[in-house]
Amino acid sequence: MHKRAHGQITVIDGKQGIEMVKFKDPFEKLERENERKRAMRRPLVAGNWKMNKVLTAVLEFALDLKKRIADVSDVEVLICPPFPFLGPLSRSLEDSTVKVGAQDVYWEENGAFTGSVSAQMLDSVGCSYVIVGHSERRHIFGDSSEEVNKKTGAVLASYMIPIVCVGEKLEEREEMRTEEVLREQITHSLAGFNSQEALKCVIAYEPVWAIGTGKTATAHQANDAHGFIRELLRELFNGEVCDRMRILYGGSVKPENVAELMREPDIDGVLVGGASLTVDSFEKLIRYKEAVAPETQ
Ligand code: PEP
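Quantities reported herein were computed from a predicted structural model and do not represent experimental measurements. (Residues numbered from 1 in each chain as written. Predicted model: local features only at pLDDT ≥ 70, side-chain atom pairs only at ≥ 80, totals over all residues.)

> How do you make sense of the site of the ligand when you look at a structure like this?
Every one of the 14 residues lining the ligand counts as a neighbour, but Asn48, Ile211, Gly250, Gly273 and Gly274 are closest to it. Tallied by class, residues from the shell around the ligand come to 5 nonpolar, 7 polar and 2 charged. (Near = placed C-beta within 6 Å. Nonpolar A, V, L, I, M, F, W, Y, C, P; charged D, E, K, R; others polar.)

So this is what it looks like as structure tokens:
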């Protein structure tokens, strides 16, 4: 018998040759298991620029950002600019690890669909992620979960990663319908995919009442919703999808609250609108691990 790091005690059963690990504290085992699962999910900090910037500003941003975060390797960084900037931005970020994604897609491959952009087109200009079902698409442009499902399928078919956005409106939260709404949106958006396909997706939980309003869900509110989504993934797919799929939080994330959110065990990254628009604040989000707790500042 010998003592291992972190208080584990290994016992070797000579007769049967079975190795058991005993934990001094029953909660320690659970915590360790959660840490192990979390380590499989690489943190993702994604900027959704919505309908902002012109080309010169996009290129200046890229030049500045890649210099500033050249030393960052433990966080995946993604920028989702408007369609016209996808090609130029991915070219200017070629010598960096920053990835480029689109804010929407149409599910058909090509044809008479004026104004639409296909997944193949996005792939051909260097996109590796595509946001689907953002609440502004759902509520301003009327995207339904069935359409989000077709868009997700098109993104997967072009070997890119869909970021499937879900979230309740304020009145739905007040009516205690958050879980019902999340269940409906996720079940329909991921309908027909097998667990291997689901593993290639990212979910973004973005409560509609928190997007662009300055009101952030508390870290606990967000983590509760993420926990619910994770268990739903177990029910719809399996334990592997539940443990491995990354779930991002979005809704008024800023340098002042990102560290607290990222400390929660089921929050694997953030999808950020307003605070991703300046290099200063985006860099702080990416460096959330270096943030000093407010009380010690
Ligand atoms: C978003 O655009 O997905 C978003 C969360 O915006 P904001 O960070 O500005 O609330």
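> Mind showing me how you'd approach the nonpolar core here?
The tendency in soluble globular proteins is for nonpolar side chains to be buried as a group. In terms of nonpolar packing, the biggest core is built from 71 residues, with Val130, Ile163, Ile203, Val270 and Leu285 touching the most fellow members. Non-local contacts of Ile203, meaning those with residues more than four positions away in its chain, are made with Val164, Val166, Ile229, Met245 and Ile247. (Core = buried A, V, L, I, M, F, W, Y, C linked by C-beta atoms within 7 Å. Buried ≥ 20, exposed ≤ 12 C-beta atoms within 10 Å, placed from the backbone. Contact = placed C-beta atoms within 7 Å.)

> Help me out: how do you make sense of the packing of helix α6 (residues 145-157) against helix α8 (residues 178-189) in this one?
For any two helices packed against each other, one specifies the crossing angle of their axes together with the interaxial distance. Where α6 meets α8, the closest approach of the two axes is 7 Å, and the angle between their N-to-C directions is 40 degrees. Taken together, the axes of α6 and α8 lie oblique to each other. The chirality of how α6 crosses α8 is right-handed. Residues Ser145, Glu146, Val148, Asn149 and Thr152 of α6 lie in contact with α8, whose contacting residues are Glu184, Gln185, His188 and Ser189. Here the residues of the contact of α6 with α8 sort into 1 nonpolar, 6 polar and 2 charged. (Axes fitted to C-alpha atoms, helices over the stretch in contact; angles between N-to-C directions. Helix = DSSP H or I, 4+ residues; strand = E, 2+ residues; numbered from the N terminus. Parallel < 35°, antiparallel > 145°, perpendicular 65-115°, else oblique. Left-handed = near helix turned anticlockwise from the far one by under 90°.)

> Sorry if this is basic, but what is going on with the pairing of strand β7 (residues 129-132) here?
Regular strands have side chains that alternate between both faces of the sheet. Here β7 shows a buried face lined by Tyr129 and Ile131 and a second buried face lined by Val130 and Val132. Handedness of the crossover joining strand β6 (residues 99-102) and β7 through helix α4 (residues 119-124) is recorded here as right-handed. (Right-handed = clockwise from strand over helix to strand, strands pointing away.)

> Sorry if this is basic, but what is going on with the environment of Leu285 here?
Relative to the assigned elements, Leu285 resides in helix α13 (residues 279-286). As for Leu285 and Gly269, which are separated by 16 residues in sequence, their C-alpha atoms are 10.0 Å apart. Once residues lying within four places of it in the same chain are set aside, the contact partners of Leu285 are Val45, Val253, Pro255, Val258, Val270, Val272 and Ala275.

> Honestly, helix α2 (residues 55-68) in this entry has me stumped. Any pointers?
Along an α-helix, a turn takes 3.6 residues, which lines up residues three or four apart on a common side. The end-to-end C-alpha distance of α2 is 20 Å, a good match for the 20 Å that 14 residues give at a rise of 1.5 Å each. Along α2, the residues that are buried comprise Val58, Phe61, Ala62 and Leu65. Seen end-on, α2 carries its buried residues on one side only, within an arc spanning 100 degrees. Along α2, the residues that are exposed and aim more than 90 degrees away from the buried face are Thr56 and Lys67. Those residues of α2 that are buried lie in contact with α3 (86-92) and α13. (Expected span 1.5 Å × (residues − 1). Arc of directions from axis to C-beta.)

> Mind showing me how you'd approach the pairing of β6 here?
Inspection of the sheet shows strand β5 (residues 76-80) paired to β6 by 2 bridges, in the parallel sense. Following the sheet pairing, Ile79 is matched in β6 by Val100. Taken together, β5, α3 and β6 form a β-α-β motif whose crossover is right-handed. Bridge analysis of β6 against β7 gives 2 bridges, and the strand direction is parallel. What sits directly across from Gly101, in β7, is Tyr129. (Pairing = 2+ DSSP bridges.)

> Whenever I open this one, the sheet that holds β5 confuses me. Can you help?
Pairing between sheet strands relies on hydrogen bonds along the backbone, with the strands arranged either parallel or antiparallel. A barrel is described by the order of its strands in space; here 8 strands give the closed sequence β4-β5-β6-β7-β8-β9-β10-β11, paired in parallel fashion. The average undirected angle you get between the axes of adjacent strands in this sheet is 25 degrees. The strands that helix α10 (residues 219-236) touches are β9 (202-205) and β10 (246-250); relative to β9, the one it contacts most, it runs at about 145 degrees. The strands touched by α13 are β4 (44-48), β5 and β11 (269-272); relative to β4, the strand with the most contacts, the crossing angle is about 155 degrees.

> Which parts of the structure should I look at to understand α13?
Within α13, the full set of buried residues consists of Phe282, Leu285 and Ile286. End-on, the buried residues of α13 take up no more than an arc of 100 degrees, which puts them together on one face. Looking at the buried residues of α13, the elements they touch are β4, α2, β5, α12 (258-262) and β11.

> Please explain the environment of Glu168 as it appears in this structure.
On the secondary structure map, Glu168 appears in the loop between β8 (161-166) and α7 (170-174). Sequence separation between Glu168 and Val181 is 13 residues, and the spatial gap between their C-alpha atoms is 6.1 Å. Once residues within four sequence positions are removed from consideration, Glu168 is found in contact with Arg173, Arg177, Thr178, Val181, Leu182, Pro207 and Val208.

> Is there a simple way to think about the packing of α8 against α10 in this case?
Orientation of α8 relative to α10, taken along the N-to-C sense of each, is 45 degrees, at an axis distance of 11 Å. Between α8 and α10, the interaxial angle falls into the category oblique. Between α8 and α10 lies a crossing whose hand is right-handed. For the pair α8 and α10, the contacting residues are Thr178, Glu179, Leu182, Arg183, Ile186 and Thr187 in the first and Ala225, Phe228, Ile229, Leu232 and Leu236 in the second. When the residues that make up the contact of α8 with α10 are grouped by side-chain class, the tally is 7 nonpolar, 2 polar and 2 charged.

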